[in-house]
Each structure stands twice: as C-alpha cells, then as structure tokens.
Amino acid sequence: MTKREAAKPDLPALLELYKHLNADPIPDNNERITAIWEEILADKNHRILLIEVEGKAIATCVLIIVPNLTRGARPYAIIENVVTRPEARRKGYGKAVLDYAKEIAAAHNCYKIMLMTGRKDEATLRFYENAGYNRTDKTAFIQWLL
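The following paragraphs examine the structure supplied in this document. In this text the structure is predicted, and so the values were computed from the model without any measurement.

Cut-offs and rules
Residues numbered from 1 in each chain as written. Predicted model: local features only at pLDDT ≥ 70, side-chain atom pairs only at ≥ 80, totals over all residues. Heavy atoms only, no water. Core = buried A, V, L, I, M, F, W, Y, C linked by side-chain atoms within 4.5 Å. Buried < 20%, exposed > 50% of the residue type's maximum accessible area, 1.4 Å probe, protein only. Contact = heavy atoms within 4.5 Å. 1 Å grid on protein atoms, 1.4 Å probe; cavity = no way out; pocket = protein on both sides within 12 Å on 5 of 7 lines; lining within 4 Å. Points joined across faces, edges and corners; volume = space filled by probe spheres on them. Helix = DSSP H or I, 4+ residues; strand = E, 2+ residues; numbered from the N terminus. Nonpolar A, V, L, I, M, F, W, Y, C, P; charged D, E, K, R; others polar.

What follows is about the nonpolar core. Formed by 24 residues in total, the largest nonpolar core has its most connected members in Leu49, Leu63, Ile79 and Leu98. Other than its neighbours up to four places away in sequence, Leu98 contacts Ile79, Val82, Leu115, Phe127, Tyr128, Ala131 and Tyr133. Grouped together as the second largest cluster of nonpolar side chains are 14 residues, Leu11, Leu14, Leu17 and Trp37 included.

Attention now moves to the layout of surface pockets. There is about 2,000 Å³ of room inside the largest pocket. In this structure, the largest pocket is lined by 50 residues; those nearest its centre are Leu115, Met116, Thr117, Gly118 and Tyr128. Where the lining of the largest pocket is concerned, the elements lending two or more residues are β4 (76-84), α3 (93-107), β5 (113-115) and α4 (122-130). Classifying every residue of the lining of the largest pocket gives 22 nonpolar, 12 polar and 16 charged. There is about 450 Å³ of room inside the second largest pocket. Residue lining of the second largest pocket: 19 residues in total, with Leu15, Tyr18, Ile26, Pro27 and Asn81 positioned closest to the centre. Of all the secondary structure elements, the ones that give two or more residues to the lining of the second largest pocket are α1 (11-18), α2 (31-42) and β2 (46-53). Looking at the lining of the second largest pocket, the element that brings in the most residues is α2, giving five residues. Here the residues of the lining of the second largest pocket are counted per class, giving 14 nonpolar, three polar and two charged.

In structure tokens:
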C-alpha cells in the first residue's frame, strides 16, 4: 500500500474512483474538468490524497487546510469526498487515507479536522467514529445552492 498526494496524471484514476462516491454522474474528462484539476493542483491548501495498491488507486479523500484567525491563528482542516473502491472496502484502505489526512493536518498545526457525510447508514457512521471522528461535538447545516 502506498499513500501519496495526487498528481497531474492521476485525474483519470480519480474520476474512476469518484464513480463509487454517490449517484451523481461524474463528468467526462474534458477541458473544463482539466482546468478545475489544474486549479486544485495549484492550490497549496487543497490536497487530494490517494491510497494505491499495486499502482491502482483504491481510496481517496480531499483535504483542505483553512487558514484561520481564531484558536491562536491555527488552521483547521476539512475532509470531503471520501471513497474506497467497493471491492476494497473493509480492508483498512479508507481508514488509511483518513489517517494520512490526519498526518498532514497535524503537520500543518491544524487544531481540528471536520468531516461531514451525507450517508445515514450506521455502518458508515461507525466507520468514521472508528477513524477518530465524533458526531456529538458539532451540528452541521448545509444550504444547497442550485
């Protein structure tokens, strides 16, 4: 197992992984997607993390480091788009990518990591709890912009 940050050539593998994230269709790899990908790669606070096995992307998450003026001016981190290939679930790869995100957040002196999920099934919620997250400290609200 290899853990690393995604690089420019990883876009097709990442889009393939995202097919297992939710029911929303993943856009084709076109000029717009390529431009967004390059913008992400250029942002020093935006990281896409990968777990690979034998050169194949197995799990991923997005880690955003947010500069902050409170809490001693320590940044905080946000995790999004956590996904593991279905055939590789329950083998520790999802936890490995979250642990990798935690290492990076700690190295940047973040005082917390926030993670939200749209999933309601207890197995997924227990997965996040077993990875060190809790669902009691904060209440999340979302306003969808259409």
